[in-house]
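Structural description and commentary
Each chain, letter by letter, is given below.
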Amino acid sequence: MEDFLERESVSGNLKSMTTGEVIYPPNNQVDWNNQRLEPLLSYIRIISRTFNWNPKDCVLAFSAKGTDDQHLFSMMADVLIEKDGRPFPDYSEFQGKPVNVDGPTQERLREVLAGRRKICMYDSKMHAANNVVHFKAEENEERLILPFYAFMFWEDWRQQLFAMRFVRDNLVYNDAIFCLAARMVNTIRDYVRQRSPENAEGLYDAIHIRRRDFQSQFPMTEMSANTILAGIQDDIHPGSTIYISTDERDPTFFEPLRQVYDLKFIGDFGDMLKGVNPQLFGLAEQVVASRSR
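Residues numbered from 1 in each chain as written. Predicted model: local features only at pLDDT ≥ 70, side-chain atom pairs only at ≥ 80, totals over all residues. Heavy atoms only, no water.

One open sheet holds the 3 strands; their spatial order is E4-E5-E6, and the pairing between them is parallel. If you trace the sheet from one side to the other, it starts and ends with strand E4 (205-209) and strand E6 (262-264), each paired once. Strand-to-strand twist of the sheet, defined as the mean angle between neighbouring strand axes without regard to direction, takes the value 30°. Sheet topology note: the E4/strand E5 (residues 241-246) ladder contains 5 bridges and is parallel. Bridging across to E5, Ile207 finds its partner in Ile244. Its contacts with the sheet put helix H7 (residues 175-195) on E5 and E6, and the angle it makes with E5 is roughly 150°. (Pairing = 2+ DSSP bridges. Helix = DSSP H or I, 4+ residues; strand = E, 2+ residues; numbered from the N terminus. Axes fitted to C-alpha atoms, helices over the stretch in contact; angles between N-to-C directions. Contact = heavy atoms within 4.5 Å.)

Below, the structure written as structure tokens:
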């Protein structure tokens, strides 16, 4: 974000979508680490366009260069009416049997639909009229809570590979995230060794329990603590130490798990978190979870 603000905002390249006036970031600030983000988010929404794309309902499609958009809608219509005699695709058809990355366009489209029956087209007019497209993350609205490549479809498979590799190579965790995670992992392992001397490696388990915004967008995923407990008892030995990454704010929710396991949360690392950007906590937790057994 800092690079983006320096390159596009401070230089005066971004304008209000309603007035056309050049708008600079609040106080010309580009470094928002450890800052309230509301002013920055308000600014982003002024200079960007947000479309009503619901990732549960549609696939965001990008047509190939030099082609029109209508042929993708026609291709989608053929899938919907089962023109070739095949039933509408179910995601289970492709589990363990992915379509080749350079496979026929219609086969790649069938694969990415995952039950969705509509295309949301990003066309050349949208591209020409909007310098910045913004995906909002309002808690009570639809959010992009899925891998971007499960929502976006590029007709040209080369463009798709470019986009995926660009994100892979540039959207990476910085040293501050890994350093915080390393301190947390070492602390957990030292604690586990002291608690269970026979566990010489300090092995621990980890669970990600996402509830608030996730279950509001995907209500079928909501589980009680007792249901979660029943689902892990065959794999995690009673008494084990479990690190839980969660957005659940009510600690009593975890009581059924606490009666069986030794639980650790990010709040148990209070002194270690002082002076660290809170926006990095969730990212560090991912690393902590990845180091569990």
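The structure having been displayed, the exposition proceeds.
Applying the stated criterion across every chain yields a total of 11 aromatic pairs. Note on Trp53 and Tyr122: the rings are 6.4 Å apart at their centroids and 70° apart in plane angle, and the pair reads as edge-to-face. Of this pair, Trp53 sits in the loop between helix H2 (38-47) and strand E1 (59-62) while Tyr122 sits in the loop between strand E2 (119-121) and helix H5 (124-129), and the two are 69 residues apart along the sequence. We note that Trp53, like Tyr122, is buried. (Phe/Tyr/Trp six-rings, centres within 6.5 Å; stacked < 30°, edge-to-face > 60°. Buried < 20%, exposed > 50% of the residue type's maximum accessible area, 1.4 Å probe, protein only.)

The next thing to look at is helix H3 (residues 70-80). Those residues of H3 lying buried are Leu72, Met75, Met76 and Val79. The buried residues of H3 occupy an angular sector of 100° when the element is viewed end-on, so they sit on one face. Buried-residue contacts for H3 involve E1, helix H4 (105-113), E2 and strand E3 (152-154). At the exit of H3 stands Glu82, carrying a positive phi of roughly 55°. (Arc of directions from axis to C-beta.)

It is worth spelling out the sheet that holds E2 at this point. Reading across the sheet, the 3 strands line up as E2-E1-E3 and stay open at both edges, with parallel pairing between neighbours. Of all strands in the sheet, those bounded by a partner on one side alone are E2 and E3. Averaged over all pairs of adjacent strands, the angle between their axes in this sheet comes to 35°, without regard to strand direction. One ladder, built from 3 bridges, connects E1 with E2; its direction is parallel. Its bridge partner being in E2, Leu60 is matched across the sheet by Cys120.

Quick look at the nonpolar core now. Formed by 18 residues in total, the largest nonpolar core has its most connected members in Leu180, Met184, Ile188, Tyr204, Tyr243 and Val288. For this core, the secondary structure elements donating two or more residues are H7 and helix H12 (281-290). With 7 residues, the single largest contributor to this core is H7. When sequence neighbours within four positions are dropped, the list of residues in contact with Val288 reads Ala181, Met184, Val185, Ile188, Tyr204 and Tyr243. In this structure, Ile209, Ile232, Ile236 and Phe265 belong to the second largest nonpolar core, which totals 15 residues. (Core = buried A, V, L, I, M, F, W, Y, C linked by side-chain atoms within 4.5 Å.)

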